[in-house]
Amino acid sequence: MTNAMAASARVALVLTGGGRRAFASVRGDVIQVTNPATGAVVARVPADDDMSVARKFVEASRAQRKWASTPASDRAACLRRYAQLLKDKANDLASDITSEMGKPRTHAKAEVLAAARRVEAIVDIAVSENLAPSDDDAASEIRHASKRLEERVELEPVGVVAHVSAWNYPHLLAAGVAASALVSGNAVLHKPSEKTPTAGARVESLLLEAGVPRGVFQACQGGPEVGASLVALRGLGAIAFTGSTETGANIARAAVGDVGGTGAPKTMMELGGNDAAYVRRDASLDSAAVSIASGAFENAGQGCCAVERVYVHRDVAEPFVEKLIDAARNWNSRTGDPTLAETALGPLVDVPAARRVAAQVTEAVELGAEILYQGDGHERHGSPAYYPVTIVGGAALRGSARAFALTREETFGPAVAVVVVDDDEEAIESVNDTKFGLTASVYSSDEDIAVSLLRRLHVGTGYVNACTVVSPRLPWGGRRASGFGVSLGKEGVLFFLNAKSVYARR
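Okay, so let's go over this structure.

About the thresholds
- Per chain, the residues get numbers from 1 upward, laid out in the order the sequence is written.
- This being a predicted model, a pLDDT of at least 70 is required before a residue's local features are given, and a value of 80 or more before pairs of side-chain atoms are given or counted; all residues contribute to the totals for chains, interfaces and linings.
- Each side-chain value is worked out from all heavy atoms of the structure, with water and hydrogens disregarded.
- Here a strand pair is declared whenever DSSP counts at least two bridges between the two strands.
- The helix count covers DSSP runs of H or I at least four residues long, the strand count covers runs of E at least two residues long, and both are numbered beginning at the N terminus.
- In this description, a line fitted to the C-alpha atoms serves as the axis of each element, helices being fitted only across the stretch in contact, and the angle between N-to-C directions of two axes falls anywhere from 0 to 180 degrees.
- Contacts between residues were defined by any pair of non-hydrogen atoms, one from each residue, lying within 4.5 Å.
- Each Phe, Tyr or Trp ring, with Trp reduced to its six-membered ring, pairs with another whose centre is within 6.5 Å; inter-plane angles below 30 degrees give stacked pairs, above 60 give edge-to-face pairs, and intermediate values give tilted ones.
- For a ring to carry a charge above it, either NZ of a lysine or CZ of an arginine must fall within 6 Å of the ring centroid while also lying within 35 degrees of the normal to the ring plane.
- For each residue, the accessible area found with a 1.4 Å probe, counting protein chains only, is set against the maximum for its type, and the residue is called buried under 20%, exposed over 50%, and partly exposed in between.

So, the sheet that holds strand S13 (residues 370-374)
Phase 1: Ordered by their spatial adjacency, seven strands build an open sheet running S13-S14-S15-S12-S11-S16-S17, and the pairing between neighbours is mixed. Because the sheet does not close on itself, it has two edges, and the strands there are S13 and strand S17 (461-464). Neighbour-to-neighbour, the strand axes of the sheet open up by a mean angle of 20 degrees, direction not taken into account.
Phase 2: Pairing of strand S11 (residues 275-279) with strand S12 (residues 307-313) involves five bridges; the strand directions are parallel. Bridging from a neighbouring strand, Ala 276 pairs with Arg 309 of S12.
Phase 3: Those strands touched by helix H16 (residues 447-454) are S11, strand S16 (439-443) and S17, and its axis lies near 160 degrees from that of S17.

With respect to the packing of aromatic side chains
Phase 1: Taken as a whole and assessed by the stated rule, the structure comprises two aromatic pairs.
Phase 2: Consider the rings of Phe 495 and Phe 496, whose centres lie 4.9 Å apart with planes at 85 degrees: the pair is edge-to-face.
Phase 3: For Lys 103, the ring lying beneath its charged end belongs to Tyr 169, and the centroid distance is 3.7 Å.
Phase 4: The ring centre of Trp 331 lies 4.9 Å from the NZ or CZ of Arg 334, which sits over that ring.

So, unusual backbone geometry
Phase 1: Its identity as a non-glycine residue notwithstanding, Thr 468 has a phi of 55 degrees, on the positive side.
Phase 2: The topology assignment puts Thr 468 in the loop between S17 and strand S18 (483-484).
Phase 3: Look at Thr 468 and you get partly exposed, because its relative accessible area is 28%.
Phase 4: Non-glycine residue Leu 488 carries a positive phi angle of around 70 degrees.
Phase 5: Here Leu 488 is to be found in the loop between S18 and helix H17 (489-495).

Shown next as structure tokens:
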């Protein structure tokens, strides 16, 4: 057994754990993808193995050195062409997403266009902030200079980046890493989820079409064993991962394991969440209900920062719940065939995902919670991968969030729990009563109070009168079991750069 194969075997469990990122079937050397809305096989994609991953790494290492020496303006131009190709081909790319993971076509197209904007924004940040080093521009900053000594920082690409991505936003997630890593002079080995292999292949082909040299960005297709081979490669400069907390912990341990060899790669993790919103008694209930329903039900609740818990002040609980139910009915009325323009909510990514949500809701009811609203189930829509929009409430949920999987674990489906609280203090305590820490929202007519409450919440991103907004201009990352490190923004580009201190004596 080669060293690479042995390392792969040691971390073979890395990408097989449970959690929100389920996998399609991989039979032999072919990935087979099933449309969750119809049950039809929609893609068969050749899978990589240990040896092909190793070959791609060697090719990426060679290509990266030349790419890093390419003028930053040329790298930026390639990425801007990539963004334009995303716009030009948005309809076709959206169709791939819809057929592979069930996202309504209108929303899938919106994702692709958002990916294009993300690329453009990241490239602009890297260029304007001098974060794109090359042979003709060291991307340096003088920190101190005297008559005898100059002290400066120079930024260098980390090298080859392993990106293990997720299926819920296949183009958007790929765009953030691709833009940040490539504009700063790195190469990327991108493992798309085997739920969305076509999207991953299209990212590679679009970048080639945009002028990025062969070998600089390569898709590594396959199941858990391919992901394990990828993160076990010795000599990686960085690992970026989006997925479950369990899998992320395993990858982190695998990455640290080579400290005594070629060195541990920089590692960034965006993991699970059980995100909460708090509706104060001074909130605009109409807008809060519409916003929270969107945060809970868009993409069938399959968002990293989807709203899964809602805490509402007792004084406004009854009218707010009525308005939230009205908003849920609206989402239910637009559930259906994801290929139709009028559809806003399609199936979950697969049948096991729908069953997992159902199990959480069933458990909550068995423990004393109540279903306040539930839409139409799969009987109406023809596929067991559909799960109805669901609102769960009742006094049993209060003060015992960790007793319920629905309020303790990541649901990743169109179900939300509503809990009544007496005041701000109880709300803060309840929002923080979780192992996760990705995002949280406060709805209030007093922005100053809302911001002061957000500062007490243990999350990476806070919202005032909003939720699920992700801007390419701000860093994105979680705390506690929701991950570490950040993507996006200036900070996200810096992750793919190493800082070198230089002292020049005169």
